[in-house]
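The residues making up each chain are set out below.
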Amino acid sequence: MKIIQVVGRSNSGKTTFIKNLIPELRMLGSVSVIKHLGDHDYHLEEGKDTTVFFKAGADIAVGIDATKSVVAINKNSLEDALKFLAGQGMDYTVIEGFKQYPFSKIVIGSLETEKCVLTNPTVNQVIINLELFEDYHD
């Protein structure tokens, strides 16, 4: 699984860049995205069965509707998420944030960081330089 990490300051355009990158990566294989929520907690909807199962201690709780599945994993580390996604056979995982981790990075905006391989690239520049990014092996 190829790891493509995107970092930058708040409101620098990371999410927009990733939104535009996903369809291009999808032409090459399966794509997953991990978003660092920082100070924002994601709230599971109170009283819903999937939330009840998660809070009861299920390692993984999955809700499935007519168009999607929603997965809550009872672990909160980047490593655990990467292991899960690798186990699902993802070809590409885009990570937004987590700049302290040692993956090759795309910087959007102006930010000094280690392992920056591309700064403010076009989506096409990322696609033609995929070899700059590490392969994750569980």
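Before going into details, it helps to say that this report is about the structure given with it. (Residues numbered from 1 in each chain as written. Predicted model: local features only at pLDDT ≥ 70, side-chain atom pairs only at ≥ 80, totals over all residues. Heavy atoms only, no water.)

**Some points on unusual backbone geometry**
Put simply, the rule reads: Secondary structure elements are defined from DSSP: runs of H or I of at least 4 residues count as helices, runs of E of at least 2 residues count as strands, and each element is numbered from the N terminus. Under the scheme applied here, a residue whose accessible area is under 20% of the maximum for its type counts as buried, over 50% as exposed, and between as partly exposed, the area being computed with a 1.4 Å probe on protein chains only.
Residue Asn 11 is not a glycine yet carries a positive backbone phi of 65°. Mapping Asn 11 onto the fold places it in the loop between β1 (2-8) and α1 (14-26). Given the relative accessible area of 79%, Asn 11 is considered exposed. Positive phi is not limited to glycine here, since Lys 115 has a value of about 65°. Mapped onto the elements, Lys 115 comes out in the loop between β6 (105-108) and β7 (116-119).

**With respect to α1**
The condition is simple: Expected helix span is taken as 1.5 Å per residue step, with the number of steps being one fewer than the number of residues. We call two residues in contact whenever any of their non-hydrogen atoms come within 4.5 Å of each other.
The end-to-end C-alpha distance of α1 is 18 Å, a good match for the 18 Å that 13 residues give at a rise of 1.5 Å each. Listed in full, the buried residues belonging to α1 are Lys 14, Phe 17, Ile 18, Leu 21 and Leu 25. Those residues of α1 that are buried are in contact with β1, β2 (31-35), β5 (92-96), β6 and α4 (123-128).

**A closer look at the sheet that holds β5**
Going by this rule: Should DSSP find at least two bridges between two strands, the strands are regarded as paired. Orientation is described by axes fitted as lines to C-alpha atoms, over the contacting stretch for helices, and by angles from 0 to 180 degrees between their N-to-C directions.
Spatially, 5 strands are ordered β2-β5-β1-β6-β7 in an open sheet, and the strand pairing comes out parallel. The open sheet is flanked by β2 and β7, the only strands paired with a single partner. Sheet twist, expressed as the mean angle between neighbouring strand axes with direction ignored, is 25°. Where β1 meets β6, 4 bridges bridge the pair, whose relative direction is parallel. Bridge assignment links Val 7 to a residue of β6, and that residue is Val 107. Strand contacts of helix α3 (residues 78-87): β1, β2 and β5, with the helix running at about 165° to β2, the strand carrying the most contacts.

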